[in-house]
Amino acid sequence: MKELLQVYFILGSNNTDRDPLIVLEEALQGGVTLFQFREKGDHALQADVKVTLAQQMKELCHRYNVPFIVNDDVSLALDIGADGVHVGQDDMSITDIKKRCPEDWIVGVSATNQSEAEKAVADGADYIGVGPIFGTNTKKDAKRPIGLSGVKQIRAVAPSIPIVAIGGIQLTDVIPLMKVGADGVSIISAISQSEKPMQATQAFARHASYFHQGM
Ligand code: 3NM
């Protein structure tokens, strides 16, 4: 799981001005390790159009042997045969998801503080998304940034759960975040808004693996 979190790309149709399938494919070519479909916020697609895009993205990820995770929408994830879900604190509980989902599903949850992280561990989450680390324009209702010290504090109470850091992350943040206990980074705009998503992803992958190889 920790290796899958190294370059965790998240994308919805409104995170790019280009065709999201092309952006996703370029990122996959650059070395995305795990992908999350997150169709939320202004102009988010609904109903059939959302399902179709999700299906196309899943097929694309599978062509590159990258697991495909759905944000929040457990029914959609089950319907289209996704590899897991990521939920927030206000969504379906990990316990309820685990009752409904295939055994090999990846189930992740967001955690902003130590108590949310401890609960995620107790509930059996496969990983936690810790953040927001920095300010972000991508999520309008993001909480107050917790910085590197927030990751360090969460790592102290949850020593073994896989942690992916999220929120405003740029390339130069990767190694500092891994030094304080993150196993990987979750990125939207630094890849989706890049003029060259493949090269941007390659750079994230290089920084993450550089750290893993013992620097
Ligand atoms: N969740 P970017 S921050 C989707 O704190 C999301 O849980 C967050 O986008 C959290 O890489 C965030 O463009 C936005 O900042 C991440």
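Residues numbered from 1 in each chain as written. Predicted model: local features only at pLDDT ≥ 70, side-chain atom pairs only at ≥ 80, totals over all residues.

### Structural notes on the UniProt feature "binding site: 4-amino-2-methyl-5-(diphosphooxymethyl)pyrimidine" (unreviewed entry) in the protein
Link 1 in the chain: Taking the UniProt record as the reference, the feature "binding site: 4-amino-2-methyl-5-(diphosphooxymethyl)pyrimidine" (unreviewed entry) is found at Gln36, Phe37, Arg38, Glu39, Lys40, Asn71, Ser110 and Lys139.
Link 2 in the chain: Structurally, the position occupied by Glu39 is in the loop between strand 2 (34-37) and helix 2 (47-63).
Link 3 in the chain: The class of Glu39 is buried, set by 25 C-beta atoms lying within 10 Å.
Link 4 in the chain: Not counting residues within four places of it along the chain, the set of residues in contact with Glu39 comprises Gly12, Ser13, Ala44, Leu45 and Lys50.
Link 5 in the chain: For Lys139, the location among the structural elements is in the loop between strand 6 (127-130) and helix 6 (147-157).
Link 6 in the chain: On the neighbour-count criterion, Lys139 (16 C-beta atoms within 10 Å) is partly exposed. (UniProt positions renumbered as here; feature names shortened; annotations may be inferred. Helix = DSSP H or I, 4+ residues; strand = E, 2+ residues; numbered from the N terminus. Buried ≥ 20, exposed ≤ 12 C-beta atoms within 10 Å, placed from the backbone. Contact = placed C-beta atoms within 7 Å.)

### Focus on the site of the ligand
Link 1 in the chain: In the neighbourhood of the ligand, 17 residues make up the surrounding shell, with Gly131, Thr136, Thr138, Ile188 and Ser189 lying closest.
Link 2 in the chain: When the residues that make up the shell around the ligand are grouped by side-chain class, the tally is eight nonpolar, eight polar and one charged. (Near = placed C-beta within 6 Å. Nonpolar A, V, L, I, M, F, W, Y, C, P; charged D, E, K, R; others polar.)

### Brief notes about the UniProt feature "domain: Thiamine phosphate synthase/TenI" (unreviewed entry) in the protein
Link 1 in the chain: In the numbering adopted here, UniProt assigns the feature "domain: Thiamine phosphate synthase/TenI" (unreviewed entry) to residues 7-191.
Link 2 in the chain: Between the end C-alpha atoms of residues 7-191 there is a gap of 10 Å, over a span that is 39% helix and 19% strand.

### Comments concerning the packing of helix 1 (residues 20-30) against helix 9 (residues 197-212)
The description of two packed helices rests on the angle between their axes and on the distance between the axes.
Link 1 in the chain: Across the interface, helix 1 lies against helix 9 with an axial gap of 7 Å and an inter-helix angle of 35°. Viewed along their axes, helix 1 and helix 9 form a crossing whose handedness is right-handed. Taken together, the residues of helix 9 that come into contact with helix 1 (itself represented by Val23, Glu26, Ala27, Gln29 and Gly30) are Pro197, Met198, Gln199, Ala200, Thr201, Gln202 and Ala205.
Link 2 in the chain: Within the contact of helix 1 with helix 9, the residues separate by chemical class into six nonpolar, five polar and one charged. (Axes fitted to C-alpha atoms, helices over the stretch in contact; angles between N-to-C directions. Left-handed = near helix turned anticlockwise from the far one by under 90°.)

### Concerning the nonpolar core
Link 1 in the chain: The biggest cluster of nonpolar side chains holds 62 residues, and the ones touching the most others in it are Phe9, Ile128, Ile163, Val164, Ala165 and Val185.
Link 2 in the chain: No other element matches strand 1 (residues 7-11), which puts five residues into this core.
Link 3 in the chain: When near neighbours in sequence (up to four residues on either side) are disregarded, Val164 contacts Leu5, Tyr8, Tyr127, Gly129, Ala182, Asp183, Gly184, Val185 and Ser186. (Core = buried A, V, L, I, M, F, W, Y, C linked by C-beta atoms within 7 Å.)

### Considering the packing of helix 5 (residues 114-123) against helix 6
Link 1 in the chain: It is the contact of helix 5 with helix 6, at a shortest axis distance of 9 Å, that shows an interaxial angle of 40°. For the element pair helix 5 / helix 6, the angle class is oblique. The two elements helix 5 and helix 6 meet at a crossing, and its hand is right-handed. Of helix 6, the residues touching helix 5 (which contributes Gln114, Ala117 and Glu118) are Gln153, Ile154 and Val157.
Link 2 in the chain: Considered class by class, the residues forming the contact of helix 5 with helix 6 number three nonpolar, two polar and one charged. (Parallel < 35°, antiparallel > 145°, perpendicular 65-115°, else oblique.)

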